[in-house]
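Observations on the model geometry
Okay, here's what each chain looks like letter by letter:
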Amino acid sequence: MISAGLTGFFTSLSLILAIGAQNSMLLRQGLAGHHVFWACVFCSVSDSILIVLGVAGFNLAIEQYPLLPIILTIGGIVFLITYGSRRLWTAYKGHYNAELSGQPKSFIALFASLFIVTWLNPHVYLDTLILLGSISVQYDNMSEKIIFGASAVSASFIFFFCLGYGARILAPYFQSVNFWKVLDIVIAFIMYLIAIGLIKSL
């Protein structure tokens, strides 16, 4: 039981620890300091739903759609390259008026953006449905499977809330265009590195 819990927690944490499209958006929101709680809730709940679906129905999904992993991998590559390129373009143009002025996104605009980088990002499905789902298959005992899933979910909540509220510590450093440019350039190259990893896995 303990082994299943630790495996679920640290596997989930390791998958979401790297800066992805969703994480970078939550980081930006935390730096801005607007709607942080609800942004953390949205990311955590969304991730939890996908984790539960992966743990509960991984085998069935693969049996029904054997090409699903390949489709998600290709989709993830396209999404990551596109998102990374957008971050590079923003860094090049230097359009950070909203960030520097503290101008908040509307509640609807924020959640529309989070919905796109979460539910329309194939890479998120690879991490939750495919990777976590495949690891959970080793647990035949239902109690262990539940503990694995619950631990993975708890890791998601802890990480997203720490990221959202921990970003405020960095906020004083992001009062210049150069800091925002560096952040976007770093995020872009991380997106490209993840995409290269997915290309190699095909």
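Residues numbered from 1 in each chain as written. Predicted model: local features only at pLDDT ≥ 70, side-chain atom pairs only at ≥ 80, totals over all residues. Heavy atoms only, no water.

Turning to the packing of aromatic side chains, a few remarks are in order. Each aromatic ring pair is characterised by the separation of its centres together with the angle its planes make. Here the structure, examined in full by the defined rule, presents 12 aromatic pairs. Judged by centre distance (5.2 Å) and plane angle (80°), the rings of F9 and F10 are edge-to-face. Residue class for F9 comes out partly exposed when judged on its relative accessible area of 21%. Considering the side-chain rings of F42 and F111, the 5.4 Å spacing of their centres and the 75° angle between planes classify their relative orientation as edge-to-face. Of the two residues, F42 is situated in helix α3 (residues 36-64) and F111 in helix α6 (residues 107-119); the sequence distance between them amounts to 69 residues. When sorted by exposure, F42 lands in the same class as F111, which is buried. Each residue in the set F37, W38, F157, F161 and Y165 is aromatic and connected to the rest through ring pairs, giving one cluster. (Phe/Tyr/Trp six-rings, centres within 6.5 Å; stacked < 30°, edge-to-face > 60°. Buried < 20%, exposed > 50% of the residue type's maximum accessible area, 1.4 Å probe, protein only. Helix = DSSP H or I, 4+ residues; strand = E, 2+ residues; numbered from the N terminus.)

On the secondary structure map, N121 appears in the loop between α6 and α7 (122-136). Those residues in contact with N121 that sit more than four places away from it in its chain are A21, F79 and I116. (Contact = heavy atoms within 4.5 Å.)

What follows concerns helix α8 (residues 142-166). Under the 1.5 Å per step criterion, the end-to-end length of α8 is 35 Å for 25 residues, consistent within 8% with the ideal 36 Å. Buried within α8 are the following residues: K145, F148, G149, S151, A152, V153, A155, S156, F159, F160, L163 and G164. (Expected span 1.5 Å × (residues − 1).)

Another aspect to go through is the packing of helix α2 (residues 21-32) against helix α4 (residues 68-93). In contact at an axis separation of 11 Å, α2 and α4 are set at 30° when each is read in the N-to-C sense. On the basis of the axis angle, α2 is roughly parallel to α4. Only F79, Y83 and R87 of α4 make contact with α2, whose side of the interface consists of A21, S24, M25 and R28. Residues that form the contact of α2 with α4 fall into these classes: four nonpolar, one polar and two charged. (Axes fitted to C-alpha atoms, helices over the stretch in contact; angles between N-to-C directions. Parallel < 35°, antiparallel > 145°, perpendicular 65-115°, else oblique. Nonpolar A, V, L, I, M, F, W, Y, C, P; charged D, E, K, R; others polar.)

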